[in-house]
Amino acid sequence: YAASVHMLVAVAGQPLGQQLVTNNEFTAWTGGDPDGWTETGEAGGNSITDDTPGALFVSADGALLSLEQTVATMTAGTLYYIEVTCSSIPTGGFQFGTKADVGDSITTTGTHSRQVLASAGDGLKVYIRNTTSTISTFTITAVRVRELYRATTYPTNDTAVTLRLNALNVTDEPGAVI
């Protein structure tokens, strides 16, 4: 018989695609805003300002403060590797991912990464925000998004499944679990 298989399989190693975010190191600013990014929540003591190199987030009252960027080349159903570098975090925490999947709160400096499966709408927007309802101050110095791999559907038969993920081939014997 014939069937179609659509699978996503985690693969260790480096992301395969190029960096997709515009102004990913926050080096270009116009009128107090980072070029290519949309700010939300600036009011009163809450602000995102140029802290070259980087963007300084200050949420003085715990209100939601965020930056987002629609990445035109992201495709729904594709897995992406998102990496954010935080150089300073004296108070609170931050979250990152896509607007549809922001992940867990981060409370340490350094480079943090995660894999996100892009979905339609808000799932195609790179998103950084303070941890909800937490007074936070932190500096983000870099954001990188790269395609990790794209699953491809192939017809199968009852004896083997062949799955191609970019340059990687995986063949499974009947009855085995991928």
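Quick note: structure is the one above.
Residues numbered from 1 in each chain as written. Predicted model: local features only at pLDDT ≥ 70, side-chain atom pairs only at ≥ 80, totals over all residues. Heavy atoms only, no water.

Participant: What is the right way to look at the overall build of the protein chain in this model?
Facilitator: Counting its secondary structure elements, the protein chain contains zero helices and 15 strands. Counting across all 178 residues of the protein chain, residues that qualify as buried make up 40%. Considering only residue pairs separated by 6 or more positions, the protein chain has 67% of its internal contacts joining residues 24 or more positions apart. Total accessible area computed for the protein chain in this model is approximately 8800 Å², and 52% of it derives from carbon and sulfur atoms. (Helix = DSSP H or I, 4+ residues; strand = E, 2+ residues; numbered from the N terminus. Buried < 20%, exposed > 50% of the residue type's maximum accessible area, 1.4 Å probe, protein only. Contact = heavy atoms within 4.5 Å. Areas by Shrake-Rupley, 256 points an atom, 1.4 Å probe, with all protein chains shown as cover.)

Participant: In this structure, what is going on with the pairing of strand β5 (residues 46-50)? I would like to understand it.
Facilitator: Remember that side chains alternate between the two faces of the sheet whenever the strand is regular. Relative to strand β6 (residues 55-59), β5 runs antiparallel, the two sharing five bridges. Paired with Asn46 across the strands is Ser59, a residue of β6. In this antiparallel pair of consecutive strands, β5 and β6, the connection spans four residues, and Gly54 shows a positive phi of 140 degrees. (Pairing = 2+ DSSP bridges.)

Participant: Teacher, can you tell me more about the nonpolar core here?
Facilitator: Generally speaking, nonpolar side chains in soluble globular proteins are found buried as a group. Counting residues in each nonpolar core, the largest one holds 28 residues, and the members touching the most others are Phe26, Phe57, Phe94, Ile128, Ile140 and Val143. For this core, the secondary structure elements donating two or more residues are β6, β8 (79-91), β9 (94-98), β11 (125-130) and β12 (136-149). When residues no more than four places from it in sequence are discounted, the contact partners of Ile140 are Phe26, Gly54, Ala55, Phe57, Val84, Thr85, Cys86, Phe94 and Ile128. (Core = buried A, V, L, I, M, F, W, Y, C linked by side-chain atoms within 4.5 Å.)

Participant: When you look at the sheet that holds strand β7 (residues 66-70) in this model, what are you seeing that I'm missing?
Facilitator: Read from one edge of the open sheet, four strands run β4-β7-β11-β9, paired in antiparallel fashion. Taken across any chain shown, the strands that pair with only one partner, and hence form the sheet edges, are β4 (38-40) and β9. Averaged over all adjacent pairs, the angle separating strand axes in this sheet is 15 degrees, with direction ignored. Judged from the five bridges that link them, β7 and β11 form a sheet pairing that is antiparallel. (Axes fitted to C-alpha atoms, helices over the stretch in contact; angles between N-to-C directions.)

Participant: In this structure, what is going on with the side chain of Thr139? I would like to understand it.
Facilitator: With respect to the helices, strands and loops of the structure, Thr139 is situated in strand β12. With a relative accessible area of 3%, Thr139 lands in the buried category. Among the polar contacts listed, one links the side chain of Thr139 to the side chain of Asp51, at a separation of 3.0 Å. Setting aside its immediate chain neighbours within four residues, Thr139 contacts Asp51, Pro53, Gly54, Ala55, Leu56, Thr85, Cys86, Ser87 and Ser88. (Polar contact = N/O pair within 3.5 Å; in protein donor to acceptor, adjacent residues only side chain to side chain.)

Participant: Would you mind showing me how to read the packing of aromatic side chains here?
Facilitator: What describes a pair of aromatic rings is the distance from one ring centre to the other and the angle between the planes of the rings. Taken as a whole and judged by the stated rule, the model has four aromatic pairs. With a centroid separation of 5.2 Å and an interplanar angle of 35 degrees, the aromatic rings of Phe26 and Trp37 are classed as tilted. With Phe26 in the loop between β1 (3-5) and β2 (29-30) and Trp37 in the loop between β3 (33-34) and β4, the pair connects residues that are 11 residues apart, well separated along the chain. Comparing Phe26 with Trp37 shows no difference in burial state: the two are buried. (Phe/Tyr/Trp six-rings, centres within 6.5 Å; stacked < 30°, edge-to-face > 60°.)

Participant: So what exactly am I meant to see when it comes to the pattern of salt bridges here?
Facilitator: Evaluation of the coordinates by the stated rule reveals six salt bridges. Between Glu68 and Lys125 there is a salt bridge whose closest N-O contact spans 3.4 Å. Of this pair, Glu68 sits in strand β7 while Lys125 sits in strand β11, and the two are 57 residues apart along the sequence. In this structure, the salt-bridge partner of Lys125 is Asp122, at a minimum N-O distance of 3.4 Å. Counted as one network, the salt bridges with shared partners bring together Glu68, Lys99, Asp122 and Lys125. (Salt bridge = Lys/Arg side-chain N within 4 Å of Asp/Glu carboxyl O.)

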